[in-house]
Amino acid sequence: EWLLHLHDTLPVVFGGRPSAETDPPNYFIDVDNRGAAAAAVRHLVSLGRRRIATITGPADMSAASDRLQGWRDALGSAGLPADLEIAGDFTAASGTEGVSRLLTSAPDVDAIFAANDVMGAAAVTALLDAGRRVPEDVAVVGFDDSSAALTARVPLTTVNQPSERMGELMADTLLRILAGEDAPVSTVVESRLVRRASA
């Protein structure tokens, strides 16, 4: 909470949209988490998947709630039920636990959108250990395009976040603020789906 009010005493630019609004607003650089998540789920729909689950991030993080809404958006647009929502916390343990819960409650699950790559990679391992083939039985898509996506037992299809570009924009925005120049309060950068073997 106190982080949101740092700008009262010194210039701050956040990487990611803050979870609460302030007045004046905080400066931030982010990707369109909602739109990118929807695009990832639309990819799963395009593969013929119809029982698409999500393992979410922490409910109090704006990126996680936006990615959850993107999952819901894409399923709603496709006329598919958004009834396979498993709470996660961006850790590998929650990806593993999420798969365990899914295979018990929804054994017909045929795709998983994990809100980050760490959970996605853990989900791949848990599925394989349970005797499910990835992607033949269950396709998996993550988010971040991190090293976890590359080192997963089946390389993870994921949403790329251009971290270097975001860092450059954060630095540029901060320098403009320090120089007393006008700077955009929010900047949204493009992300893209990186297809690998998992979906």
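Residues numbered from 1 in each chain as written. Predicted model: local features only at pLDDT ≥ 70, side-chain atom pairs only at ≥ 80, totals over all residues. Heavy atoms only, no water.

S.K.: Would you explain the nonpolar core in this entry?
M.R.: Across soluble globular proteins, nonpolar side chains have a tendency to be buried as a group. In terms of nonpolar packing, the biggest core is built from 26 residues, with V41, L44, I52, W71, F113 and F143 touching the most fellow members. Contributing elements (two or more residues each) for this core: β2 (27–31), α1 (33–46), α2 (62–77), β5 (111–114), β6 (139–144) and α6 (163–178). One finds A64, L84, A126 and V154 within the second-largest nonpolar core, a separate group that totals 25 residues. (Core = buried A, V, L, I, M, F, W, Y, C linked by side-chain atoms within 4.5 Å. Buried < 20%, exposed > 50% of the residue type's maximum accessible area, 1.4 Å probe, protein only. Helix = DSSP H or I, 4+ residues; strand = E, 2+ residues; numbered from the N terminus.)

S.K.: How should the pairing of strand β3 (residues 52–55) be read in this particular structure?
M.R.: Neither face of β3 is open: one carries I52 and T54, the other A53 and I55, and all of them are buried. Direction of pairing for β3 relative to β5: parallel, over a ladder of four bridges. When the sheet's bridge partners are listed, T54 is paired in β5 with F113. With two bridges joining them, β3 and strand β4 (residues 85–86) adopt parallel strand pairing. For I55, the partnering residue across the bridge sits in β4 and is I86. (Pairing = 2+ DSSP bridges.)

S.K.: What's the story with the sheet that holds strand β8 (residues 186–189) in this structure? I'm lost.
M.R.: Hydrogen bonds along the backbone pair up the strands of a sheet, which may run parallel or antiparallel. Here three strands make up an open sheet; going across it, the order is β1-β2-β8 and the pairing parallel. The sheet is open, and its two edges are formed by β1 (13–15) and β8, each paired on a single side. Taking the axes of each pair of neighbouring strands and ignoring which way they run, one obtains an average angle of 20° across the sheet. In terms of strand pairing, β1 meets β2 through three bridges, oriented parallel. The partner of G15 across the bridge, within β2, is I29. Its contacts with the sheet put α6 on β1, β2 and β8, and the angle it makes with β2 is roughly 165°. (Axes fitted to C-alpha atoms, helices over the stretch in contact; angles between N-to-C directions. Contact = heavy atoms within 4.5 Å.)

S.K.: Whenever I open this one, the packing of aromatic side chains confuses me. Can you help?
M.R.: Here the distance between the centres and the angle between the planes together describe a pair of aromatic rings. Tallied over the full model, the rule gives zero aromatic pairs. If you follow R67 out to its NZ or CZ, it ends over the ring of F143, 3.7 Å from the centre. (Phe/Tyr/Trp six-rings, centres within 6.5 Å; stacked < 30°, edge-to-face > 60°. Lys NZ or Arg CZ within 6 Å of the ring centre and 35° of its normal.)

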